[in-house]
Amino acid sequence: MLLLALDTATPAVTVALHDGTDVVASSSQVDARRHGELLLPAVDRVLGAAGTGLDAVTGIVVGTGPGPYTGLRVGLMTADTFGAALGVPVHGVCTLDGLAFAADIDGPFVVATDARRKEVYWARYADSRTRLTGPAVDRPADIAEQVAGVPAVGAGALLYPDAFPDVHGPEHVSAAALASLAAERLARGEELEAPRPLYLRRPDAQVPKNYKVVTPR
Amino acid sequence: MADLRDEPLVLGIETSCDETGVGIVRGTTLLADAVASSVDEHARFGGVVPEVASRAHLEAMVPTIRRALKEAGVSAKDLDGVAVTAGPGLAGALLVGVSAAKAYAYALGKPLYGVNHLASHICVDQLEHGPLPEPTMALLVSGGHSSLLLSTDITSDVRPMGATIDDAAGEAFDKIARVLNLGFPGGPVIDRYAKEGDPGAISFPRGLTGPRDPAYDFSFSGLKTAVARWIEAKRAAGEEVPVRDVAASFQEAVVDVLTRKAVRACKDEGVDHLMIGGGVAANSRLRALAQERCEAAGIRLRVPRPKLCTDNGAMVAALGAEMVARGRSASAWDLSADSSLPVTEPHVPAPEDAAAHGHAHSHDHVHETSKENLYS
Ligand SMILES: [Zn+2]
């Protein structure tokens, strides 16, 4: 097994190669504005570091978000196209699950990433491998009661200390964690999610009001 | 005669607006033109909603690539390159296509060519009428652009002669259709009503046609306002609006200016043929009047069939194939989606190559996150 994992749902552009046992090579860069430019060179670097080529990959793993849409789509489109060109399966993993897995916490906790517009994408976990609720998108103040008393993981938690006073673990998701989680699930014979974007919000689209009168009254 | 097999086999991807286009060409021969459109999803908004378009591109891309390969009857392994619209267009929409093209080219081990959407609109005519004459005068008119361009080599030299200073011609059609409650998009429906109307019924203004006005620039904003006012006056007086005559007279004002300026540019530059592309080139009155005026001026008119005039992947493949045929440099893996890629850059070569050829990028702006686009 050789899994190529990538995630562009958050400011991190992250790529990893996993051979079913271990992470063979990985790359992570944090730059919220350049997902499109950074991803392919990172894939090339990771494959180069592992001394292999894309044609050796047996499956693609991609973070499905939730995340700001423009960046999120870079990873999903890349994964989808790789899968089509290589004829290998493309597996989706919720980006928040990758953060939870990397956090390695044994009790209940929450993961939160920045959803912009003063909101967070968040989910609740029983432990690092078990999501209980979410993902959802909310204002931190509106969920403060629900997340009180448990540790929080992720850049979204760091942004809103009033709602998330007890922050642990990694700030950003890593494709290495995503790949390890996917490898574990595949080894257990579990079916992974479809590689479809978790937008969680409707597109911003304003229906124009009845056409504006231009004649001065 | 050259063996067709020797000509470059190129797949082209287009996502600058609301069409997910994947085309395949061999040299100047069209093999496949697969398009998935999200136009119906935008109709109730009265215009293209960028986020809706981007979501649709992501879903449609791989199925559309598959459809194009099947239609062309070729194997992806045999491609000589993958071309993609790098700009101009909607930033988020472009990025989906650029991401797909990079991944596809990389996975297949093929060179990537990021190309200019406007140059592609010109180059597509090679698929219909054979190699472009050099130089070529081109009038590009759509919902996103209205430009007069002169090209001596479509892979390296495209010069802007003039452009709209406000609305694109296609936008004016959309807006007038909205005022007349005819729905979106406005082009085809106005064309239909206009056929039964009198183009001389109402005298609407011709923008930028005064003696001191720029010879090749366009303006459709004043016309749009004049038409809206005329309709409102009728409604205010409790009279019925003669939709067919309004459509015909409005359309006449647009195509009169477009063809007059295009023919003048040809004469001034000594170019004996004119190519018209973009979605508005599907307009029957524009085609007829251009034909009439070109004939009178001794100019040969080249207009591709309507399906090649609207946004599609074949036009991108056509320009990509020309890049390969002329040995132009491929793009780098960090190619940007550039919502305001200048028309003077027919493609986006890898930076070291750009320096070697002496046309390094000097324009400086934020790429993917740019709010600016040609369609809002
Ligand atoms: Zn166009």
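Cut-off values and rules
Residues numbered from 1 in each chain as written. Chains lettered and ligands numbered in written order. Predicted model: local features only at pLDDT ≥ 70, side-chain atom pairs only at ≥ 80, totals over all residues. Heavy atoms only, no water. Donors = N, O, S within 2.8 Å, 3.2 Å for Na, K, Ca; no water. Helix = DSSP H or I, 4+ residues; strand = E, 2+ residues; numbered from the N terminus. Buried < 20%, exposed > 50% of the residue type's maximum accessible area, 1.4 Å probe, protein only. Expected span 1.5 Å × (residues − 1). Polar contact = N/O pair within 3.5 Å; in protein donor to acceptor, adjacent residues only side chain to side chain. Pairing = 2+ DSSP bridges. Contact = heavy atoms within 4.5 Å. Salt bridge = Lys/Arg side-chain N within 4 Å of Asp/Glu carboxyl O. Nonpolar A, V, L, I, M, F, W, Y, C, P; charged D, E, K, R; others polar. Lys, Arg positive; Asp, Glu negative; His and termini not counted. Axes fitted to C-alpha atoms, helices over the stretch in contact; angles between N-to-C directions. Parallel < 35°, antiparallel > 145°, perpendicular 65-115°, else oblique. UniProt positions renumbered as here; feature names shortened; annotations may be inferred. Domains from an automatic or database assignment. Buried area = accessible area lost by both parts, 1.4 Å probe.

K.L.:
Describe in detail the coordination of the zinc ion, supporting the description with residues and values.
P.N.:
For a metal bound by four donors in a tetrahedral arrangement, the ideal donor-metal-donor angle is 109.5 degrees, while six donors in an octahedral arrangement ideally sit at 90 or 180 degrees. Residue and element names in this part refer to chain B. Note on the zinc ion: its protein donors are His117 (NE2), His121 (NE2), His145 (NE2) and Asp311 (OD). The metal-donor distances range over 2.1 to 2.6 Å. We note that the donor set of the zinc ion lies within a single chain, spaced as H-x3-H-x23-H-x165-D. A residue pair is termed long-range when its members are at least 10 positions apart, and His145 in the loop between β6 (136-141) and β7 (146-153) and Asp311 in the loop between α11 (306-309) and α12 (313-325) qualify at 166 residues. Residue classification places His145 among the buried residues on the basis of a relative accessible area of 5%. Residue Asp311 is classed as buried on the basis of its relative accessible area, which comes to 13%.

K.L.:
Tell me about α12(B), residues and numbers included.
P.N.:
Residue and element names in this part refer to chain B. Counted at 1.5 Å a residue, the expected span for α12 with its 13 residues is 18 Å, and the 18 Å between its end C-alpha atoms agrees. Summarising burial for α12: 11 of the 13 residues are buried, a large majority. At the N-terminal boundary of α12, the capping side chain belongs to Asn312, with an oxygen 2.9 Å from the backbone nitrogen of Ala314. In the stretch just after α12, Gly327 is the one whose phi turns positive, near 70 degrees.

K.L.:
So what's going on with the pairing of strand β1 (residues 3-7) of chain A? Which residues, and what values?
P.N.:
Residues and elements named next belong to chain A. Burial runs high along β1: 5 of the 5 residues are buried. Every second residue of β1 is oriented toward a common face, with Leu3, Ala5 and Asp7 on one face and Leu4 and Leu6 on the other, all of them buried. In the sheet, β1 pairs with strand β2 (residues 12-18) via 5 bridges, with the strands oriented antiparallel. For Leu4, the partnering residue across the bridge sits in β2 and is Leu17. Connecting the antiparallel pair β1 and β2 is a turn made up of 4 residues. Both β1 and strand β4 (residues 59-63) contribute to a ladder of 4 bridges, which runs parallel. Bridged to Leu6 within β4 is Val62.

K.L.:
Got a sec to walk through the interface of chain A and chain B? Specific residues and values, please.
P.N.:
Quoted interface sizes are often the accessible area lost when the parts come together. Contact residues are listed per partner, giving 41 residues for chain A and 39 residues for chain B. Across the contact surface, chain A and chain B share 2 salt bridges. With its nearest N and O atoms 2.9 Å apart, the salt bridge here joins Glu51(B) to Arg73(A). Scanning the region where chain A abuts chain B turns up 6 residue pairs in polar contact (both at pLDDT 80 or more). At the level of elements, α1 (35-49) and α2 (69-86) of chain A are the ones that each hand at least two residues to the side of chain A that touches chain B. Top element by residues in the side of chain A that touches chain B is α2(A). It accounts for 13 residues. Looking at the side of chain A that touches chain B, its residues break down into 23 nonpolar, 7 polar and 11 charged.

K.L.:
Which residues make up the side chain of Asp311(B), and what values go with them?
P.N.:
All names here are of chain B. Salt bridges are absent for the buried Asp311, whose nearest opposite-charge side chain, Lys307, sits at 13 Å. A polar atom in the side chain of Asp311 sits 3.2 Å from the side chain of His117. Within the structure, the side chain of Asp311 is placed 3.0 Å from the side chain of His121, a separation counted as a polar contact.

K.L.:
Describe the packing of helix α6 (residues 169-179) of chain B against helix α9 (residues 243-269) of chain B, listing the residues and the values that go with them.
P.N.:
All names here are of chain B. Where α6 meets α9, the closest approach of the two axes is 11 Å, and the angle between their N-to-C directions is 175 degrees. Relative to α9, the element α6 is oriented roughly antiparallel. Of the residues in α9, those in contact with Ala169, Ala172, Phe173 and Ile176 of α6 are Phe250, Gln251, Val254 and Leu258. Of the residues that constitute the contact of α6 with α9, the class distribution is 7 nonpolar, 1 polar and no charged.

K.L.:
Can you explain the UniProt feature "domain: Gcp-like" (unreviewed entry) in chain A? Please cite residues and give values.
P.N.:
Within the UniProt annotation, "domain: Gcp-like" (unreviewed entry) is assigned to residues 32-144 of chain A. The distance separating the terminal C-alpha atoms of residues 32-144 of chain A is 26 Å; by composition the span is 42% helix and 28% strand.

K.L.:
Hey, could you go over the environment of Ile276(B) for me, with residue numbers and the actual values?
P.N.:
All names here are of chain B. By secondary structure assignment, the location of Ile276 is in strand β9 (residues 273-277). For the pair Ile276 and Ala72, spaced 204 residues apart in sequence, the C-alpha to C-alpha distance is 26 Å. Filtering out sequence-adjacent residues up to four positions away, Ile276 remains in contact with Leu139, Val141, Ala281, Leu286, Ala290, Leu301, Arg302, Val303, Pro304 and Cys309.

K.L.:
Break down the domain arrangement of chain A for me, with residues and values.
P.N.:
Residue and element names in this part refer to chain A. Assigned domains within chain A: domain 1 (3-95 + 172-187) and domain 2 (105-168). Contacts between the two partners involve 9 residues from domain 1 and, on the opposite side, 8 residues from domain 2. For the pair domain 1 and domain 2, the two sides together bury roughly 780 Å², of which 59% comes from carbon and sulfur. Interface area lost by domain 1 to domain 2 is led by Pro66, Pro68 and Cys94, which between them contribute 50%. The interface formed by domain 1 and domain 2 holds 1 salt bridge in total. Residue composition of the side of domain 1 that touches domain 2, by class: 5 nonpolar, 3 polar and 1 charged.

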